[in-house]
Amino acid sequence: MRVVVDHDLCGTTGQCVLTLPGTFRQREPDGVAEVCVATVPQALHAAVRLAASQCPVAAIRLIESDAGDDERASADPAPSPAVAERHAAKDQRNPGGHDGTV
Ligand code: SF4
């Protein structure tokens with residue numbers, strides 16, 4: 001199993017880091033979650049599924065099979081309708097992509 005975090009969706013709550021600090025960490029400048037393991041050990045699969053289910057913005061995506069993960073992860077042509085809707089809502093809140101700094 002592999003796990004990825006959608007950095008555009010992550011709300012920086014830190015919930016996943018609290019649940020699994022060896023698997024997730026938060027970036028220094030902005031608190032966005034990152035995955036710090038290449039693959040998730042079998043013993044942690046249930047815990048990672050729990051962390052993903054508890055993410056308040058569904059930013060954590062699981063890739064269940066270890067075989068061919070790179071191709072599937074990079075070839076994912078379109079987000080699910082729910083994810084696309086969240087991206088659209090985020091774009092509306094920040095239409096120009098400006099981060100608010102002057
Ligand atoms: S639980 Fe979700 S929103 Fe919170 S830090 Fe982790 S990935 Fe980001």
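Up top you'll find the structure we're talking about.
Here's what I pulled together on the structure shown here.

Cut-offs and rules
- Residues numbered from 1 in each chain as written.
- Predicted model: local features only at pLDDT ≥ 70, side-chain atom pairs only at ≥ 80, totals over all residues.
- Helix = DSSP H or I, 4+ residues; strand = E, 2+ residues; numbered from the N terminus.
- Buried ≥ 20, exposed ≤ 12 C-beta atoms within 10 Å, placed from the backbone.
- Contact = placed C-beta atoms within 7 Å.
- Core = buried A, V, L, I, M, F, W, Y, C linked by C-beta atoms within 7 Å.
- Near = placed C-beta within 6 Å.
- Nonpolar A, V, L, I, M, F, W, Y, C, P; charged D, E, K, R; others polar.

### Structural notes on the overall build of the protein chain
Helix and strand counts for the protein chain stand at four helices and four strands. Overall, the protein chain shows an N-to-C arrangement of helices and strands of β-α-β-β-α-β-α-α. Scored against the burial criterion, the 102 residues of the protein chain give a buried share of 13%. Pairs at least 24 residues apart make up 59% of the contacts formed inside the protein chain by residues separated by at least 6 positions.

### Things to note about the nonpolar core
Nonpolar side chains tend toward joint burial in soluble globular proteins. Listed in full, the 12 residues of the largest apolar core are Val 3, Cys 10, Cys 16, Leu 20, Phe 24, Ala 33, Val 40, Val 48, Ala 51, Cys 55, Ala 59 and Ile 60. Once residues within four sequence positions are removed from consideration, Val 40 is found in contact with Met 1, Arg 2, Val 3, Thr 23, His 45 and Val 48.

### A closer look at the site of the ligand
If you check the shell around the ligand, you find 14 residues, and the closest are Cys 10, Thr 13, Gln 15, Cys 16 and Cys 55. Split into classes, the residues belonging to the shell around the ligand amount to nine nonpolar, five polar and no charged.

### Things to note about the environment of Cys 55
Residue placement: Cys 55 occurs in the loop between α2 (45–54) and β4 (60–63). For Cys 55, a count of 21 C-beta atoms within 10 Å translates into the label buried. Measuring from C-alpha to C-alpha, the distance between Cys 55 and Cys 10 comes to 8.6 Å, with 45 residues separating the pair along the chain. Those residues in contact with Cys 55 that sit more than four places away from it in its chain are Gln 15, Cys 16 and Ile 60.

### Remarks on unusual backbone geometry
Backbone phi values are negative for most residues with the exception of glycine, while trans is the configuration of most peptide bonds. One non-glycine residue, Thr 12, lies in positive phi territory at about 60 degrees. Along the chain, the position of Thr 12 falls in the loop between β1 (2–5) and α1 (15–19). For Thr 12, a count of 14 C-beta atoms within 10 Å puts it in the partly exposed group. Positive phi, normally seen in glycine, also occurs at Ala 58, with a value near 55 degrees. Along the polypeptide, Ala 58 turns up in the loop between α2 and β4. What makes Ala 58 partly exposed here is the crowd of 14 C-beta atoms within 10 Å.

### Quick notes on the environment of Ala 51
Within the secondary structure layout, Ala 51 lies in helix α2. Ala 51 gets classed as buried once you count the C-beta atoms within 10 Å, which come to 22. With 34 residues separating them along the chain, Ala 51 and Val 17 place their C-alpha atoms 8.7 Å apart. Beyond its immediate stretch of four places on either side in the chain, Ala 51 contacts Cys 16, Thr 19, Leu 20 and Ile 60.

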